[in-house]
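In case you want the letters, here they are:
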Amino acid sequence: CGRGPGGCRGGRTDMALRCAASLAAGRQPRGPRREGTVRWSSAAKASAVKINEKASREKILTLESMNPQVKAVEYAVRGPIVLKAGEIEKELRKGIKKPFTEVIKANIGDAHAMGQRPITFLRQVVALCTYPNLLDSPSFPEDAKKRARRILQGCGGNSLGSYTASQGINCIREDVASYIERRDGGVPADPDNIYLTTGASDGISAILKILISGGGKSRTGVMIPIPQYPLYSAAISELDAIQVNYYLDEENCWALNVNELRRALNEAKAYCNPKVLCIINPGNPTGQVQNRKCIEDVIHFAWEEKLFLLADEVYQDNVYSEGCQFHSFKKILYEMGPEYYNNVELASFHSTSKGYMGECGYRGGYMEVINLHPEIKGQLVKLLSVRLCPPVSGQAAMDIVVNPPVPGEESYAQFIKEKESVLNNLAKKAKLTEDMFNKIPGVQCNPLQGAMYAFPRIFIPSKAIEEAKAHKMAPDMFYCMKLLEETGICVVPGSGFGQREGTYHFRMTILPPVEKLKILLEKVKDFHIKFLEKYA
Amino acid sequence: QGVPKPFTEVIKANIGDAHAMGQKPITFLRQVTALCLCPELLKDPNLPKDAKERAERLLAVCGGHSAGAYTASPGIEMVREDVARYIQRRDGVPAKAQDIFLSTGASDAIMSILKLLVSGSGSSRTGVMIPIPQYPLYSAALAELDAVQVNYYLNEERCWALDVAELQRALTEGRQRCSPRVLCIINPGNPTGQVQSRQCIEEVIKFAYEQKLFLLADEVYQDNIYAEGSAFHSFKKVLMEMGPPYSEVVELASFHSISKGFMGECGLRGGYVEVVNMDPEVKAQLSKLVSVRLCPPVPGQMVLDIIMDPPKPGEPSYERFQAEKEAVLNALAEKARLTQEIFNRTPGIHCNPVQGAMYSFPRIDLPPRALAAAKEKNQAPDMFFCMRLLEETGICVVPGSGFGQREGTYHFRWVPTP
């Protein structure tokens, strides 16, 4: 800290800052050499050291030093546009005026948040398990109590609060196996192949974890549909696997074409070791329901090319279109005969979050994994054991999904009524949404055969594309941001799911109540028309 | 199957699962959760008014007023605020909801934080310092993430004390083969049960500051303190009380869980991490990472909320809540004392005081013939001992080799919850 013209000015802090600057610049501070020069007080020195340290001391964990794989992860469903929606909600609460009074979160497949009611029976059983004193209450039906007692008997100390076996409670896995057998027309299911999981995402992540290995050109490649549910790309990023895209055919109602699978596979062999093929059926975001022939073709392809099949079937209860039917990969595999059935390695996933239940918050799910090498099974269980067990309330919810009231039971009538009401409602909204989108000029929407989303294609004029570029945004992100800012409707741009180059889409859920949905669709229509005019 | 054994049941004294061993859940927690899951129960006259109020308060901040909706990915904001208030009351220093992430048990959050920290390759691969003996989530996570494990030994002669000299030795050694960036502390200790003194915590913090280490403080047993003269001091509190530069610089993540304490709600999978001095851009990355798995289980978030904001004097459920809580903690303390006493009366077994947590980790002297027999069977000597114990008495404990121990010493971890 040398003396500048006019001498050292300011207080200690000033002096300290200048000292720090000198130190940082590597200059030796000039000491008290001349008569009458300013000497540093020790306090100034101490402050200088502190500030210098703070200024030059970098954090241990920074964007640069952190795990690059985590940095690469993107998850559009709760990504930037949703963060923006959250900010707008905060502004609305503060009373800031907008062209709308509420933000509609049509970005995520969360039925209850959009007003769908839980299934009474399911909630009764889980409540009974949670607070077993209620077993003495006359307000609960006997069939609910029976199931609760059975679940509690499978719990340590008869409490939902005990850790369970890492694979999940035995009797629930047995119930899952029975469910699968009934669903698949008698095709046998072994409880030993069933793993309960913390939502389907947890199971998918675990299977991918054990599948990924190798380095450089022999790094595991994972084939995923484009468009996809971005859990897959996120998991692939996190695990540093290689993403291999295969395109669904938009012209043909998002059909899965084995020729396209072959193209993707052969191309990928040049830079990785493709070992895994992921299918989402019914599709997310695309909503198509694969027909039997298609599933057979895919299975044959996987058998031929030695690919481990992941079948994400969480929307198996959400099938709407006439002529469409859910066929599980497991069932088709079995029906194709022993050469396939004894060899193809297959993991199928289900969840409590979708269907008619919508129990997202419980984090319940299961996977059925067949033809796993016996030593690998041991490794899988070991991996799961580190996290102890899936949440027991989710396990209990899953039990009701696979072991619901049957004809003759007290709760059956109400259960069926509630279930059918939800599913009919969703089917109605699926058709409504498809029809309304297709009436909008510049929007084209494939039939919503299943799941709970519309993924319409939107025409974005070149002027808008340029403006998007200027804002450093993907064109459909730009579109969706404008939609959000002008109408309060939050959807997810197609770029978050993947799409063919030069095409643009967005994913909107069909979950808001019918009347609200109609209003939403009108608003989207008005917005789109204005958007086209503005950027004509 | 009816196969005759020298015993009629297997006692699973291997895992910290209180309910499985007969501990009762805290009534109030279960009442509120049941009310949230089945809001029809709000009309039930047998449920107390304060439980109903809590349930309504929680449901009001759930999507569609349902516990079945996804919550925000870091957890329900109101619950995070309640956690912040709890931490503030506990420590007397401020806490912010935005620094708190709810998780699927503490294990989930520990994994997430370690995930963020692991990078580099070869000799610059992240090294993570962990205590030996440790809770093997740490070694498992490091193996899964391909990070480098750097062991520091707790001092068995001095009641499993943490010595900074030993930290230094381990760090120096670790620097030869990796880039140590993280220091994990478990306090109260698992499996060792020691409760760190305030002075020790200060020394560890100073060490982390000087050596540029990110601190992970696993504090899930903070409610399980038994020994006279032992007290829980959170790393956060001590760090803040040490003032600048430490309080402004040291990066810290502290973990808690609903699985231990007096609650024992292992199966509901609830917990949280509080991050201190985390780079805001990294915090955004953490938010992004947890968003991929959507949210922690809602029932677990609700139970956590009640623990963070329990019944207060005057409220209808207060007395019962306090009585149940004290009964559990007193029973655990008594069992800790009894275990220690009986083990120390047994020739060939030496048990350090169980100051906290819920385990004893006695050292066992194994005679040379036992060592030879173990070798023949290709088993670690303490595994051999534990296998024989299981086969002859039905008692299942975990051999010390599963947690780590000094070469030539043998232990087992016993959970005194039955």
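Residues numbered from 1 in each chain as written. Chains lettered and ligands numbered in written order. Predicted model: local features only at pLDDT ≥ 70, side-chain atom pairs only at ≥ 80, totals over all residues. Heavy atoms only, no water.

Focus: the domain arrangement of chain A
Residue and element names in this part refer to chain A.
Okay, so step 1: Along its sequence, chain A is carved into domain 1 (68-103 + 414-535) and domain 2 (120-402).
Okay, so step 2: Look at where the C-alpha atoms of domain 1 and domain 2 centre, and you get two points 27 Å apart.
Okay, so step 3: Contacts between the two partners involve 34 residues from domain 1 and, on the opposite side, 36 residues from domain 2.
Okay, so step 4: Surface buried jointly by domain 1 and domain 2 totals about 3100 Å² across both partners, of which 57% is contributed by carbon and sulfur atoms.
Okay, so step 5: There are zero salt bridges connecting domain 1 and domain 2.
Okay, so step 6: Taken together, the links from domain 1 to domain 2 amount to 14 residue pairs in polar contact (both at pLDDT 80 or more).
Okay, so step 7: For the side of domain 1 that touches domain 2, the secondary-structure elements that each account for two or more residues are helix 3 (68-72) and helix 16 (412-439).
Okay, so step 8: Ranked by residue count, the leading element in the side of domain 1 that touches domain 2 is helix 16, at nine residues.
Okay, so step 9: Of the residues assigned to the side of domain 1 that touches domain 2, the class counts are 19 nonpolar, nine polar and six charged. (Domains from an automatic or database assignment. Contact = heavy atoms within 4.5 Å. Buried area = accessible area lost by both parts, 1.4 Å probe. Salt bridge = Lys/Arg side-chain N within 4 Å of Asp/Glu carboxyl O. Polar contact = N/O pair within 3.5 Å; in protein donor to acceptor, adjacent residues only side chain to side chain. Helix = DSSP H or I, 4+ residues; strand = E, 2+ residues; numbered from the N terminus. Nonpolar A, V, L, I, M, F, W, Y, C, P; charged D, E, K, R; others polar.)

A look at the interface of chain A and chain B
Interface extent is often summarised as the accessible area lost during association of the parts.
Okay, so step 1: At the interface, 68 residues of chain A touch 74 residues of chain B.
Okay, so step 2: Interface area for chain A against chain B, summed over the two sides, is near 5900 Å², with a carbon-plus-sulfur share of 58%.
Okay, so step 3: Counting the surface chain A buries against chain B, the share from its top three residues, I60, L61 and Y163 of chain A, is 13%.
Okay, so step 4: At the junction of chain A and chain B, the tally comes to four salt bridges.
Okay, so step 5: In this structure, K115 of chain B and E238 of chain A form a salt bridge, with 2.6 Å as the shortest nitrogen-oxygen distance.
Okay, so step 6: In this structure, the connection of chain A to chain B is made through 39 residue pairs in polar contact (both at pLDDT 80 or more).
Okay, so step 7: At the level of elements, helix 2 (42-56), helix 3, helix 5 (120-130), helix 8 (199-211), helix 9 (231-238) and helix 15 (392-402) of chain A are the ones that each hand at least two residues to the side of chain A that touches chain B.
Okay, so step 8: Here the side of chain A that touches chain B takes six residues from helix 5 of chain A, the largest share from any one element.

Focus: the sheet that holds strand 6 (residues 308-312) of chain A
Residue and element names in this part refer to chain A.
Okay, so step 1: Pairing within the open sheet is mixed, and its seven strands lie in the order 2-8-7-6-5-3-4. Each end of this open sheet is capped by a strand with a single partner; those strands are strand 2 (194-197) and strand 4 (242-247). For this sheet, the mean inter-axis angle between neighbouring strands, taken without regard to orientation, is 25 degrees.
Okay, so step 2: Here strand 5 (residues 273-280) runs beside strand 6; their pairing, made up of five bridges, is parallel. In the strand pairing of strand 6, V276 is matched with F308.
Okay, so step 3: Taken strand by strand, helix 9 contacts strand 3 (220-226), strand 4, strand 5 and strand 6, and its axis lies near 160 degrees from that of strand 3. (Pairing = 2+ DSSP bridges. Axes fitted to C-alpha atoms, helices over the stretch in contact; angles between N-to-C directions.)

Description of the nonpolar core
Okay, so step 1: I207, L277, L309, L310 and F437 of chain A together with I113 and L216 of chain B are the most contacted members of the largest nonpolar core, which totals 259 residues.
Okay, so step 2: Discounting chain neighbours no more than four positions away, the residues touching I207 of chain A are F308, L310, A347, F349, M367, V369 and L380 of chain A.
Okay, so step 3: Counting 34 residues, the second largest nonpolar core, distinct from the first, contains C200, I201, L213 and V249 of chain B. (Core = buried A, V, L, I, M, F, W, Y, C linked by side-chain atoms within 4.5 Å. Buried < 20%, exposed > 50% of the residue type's maximum accessible area, 1.4 Å probe, protein only.)

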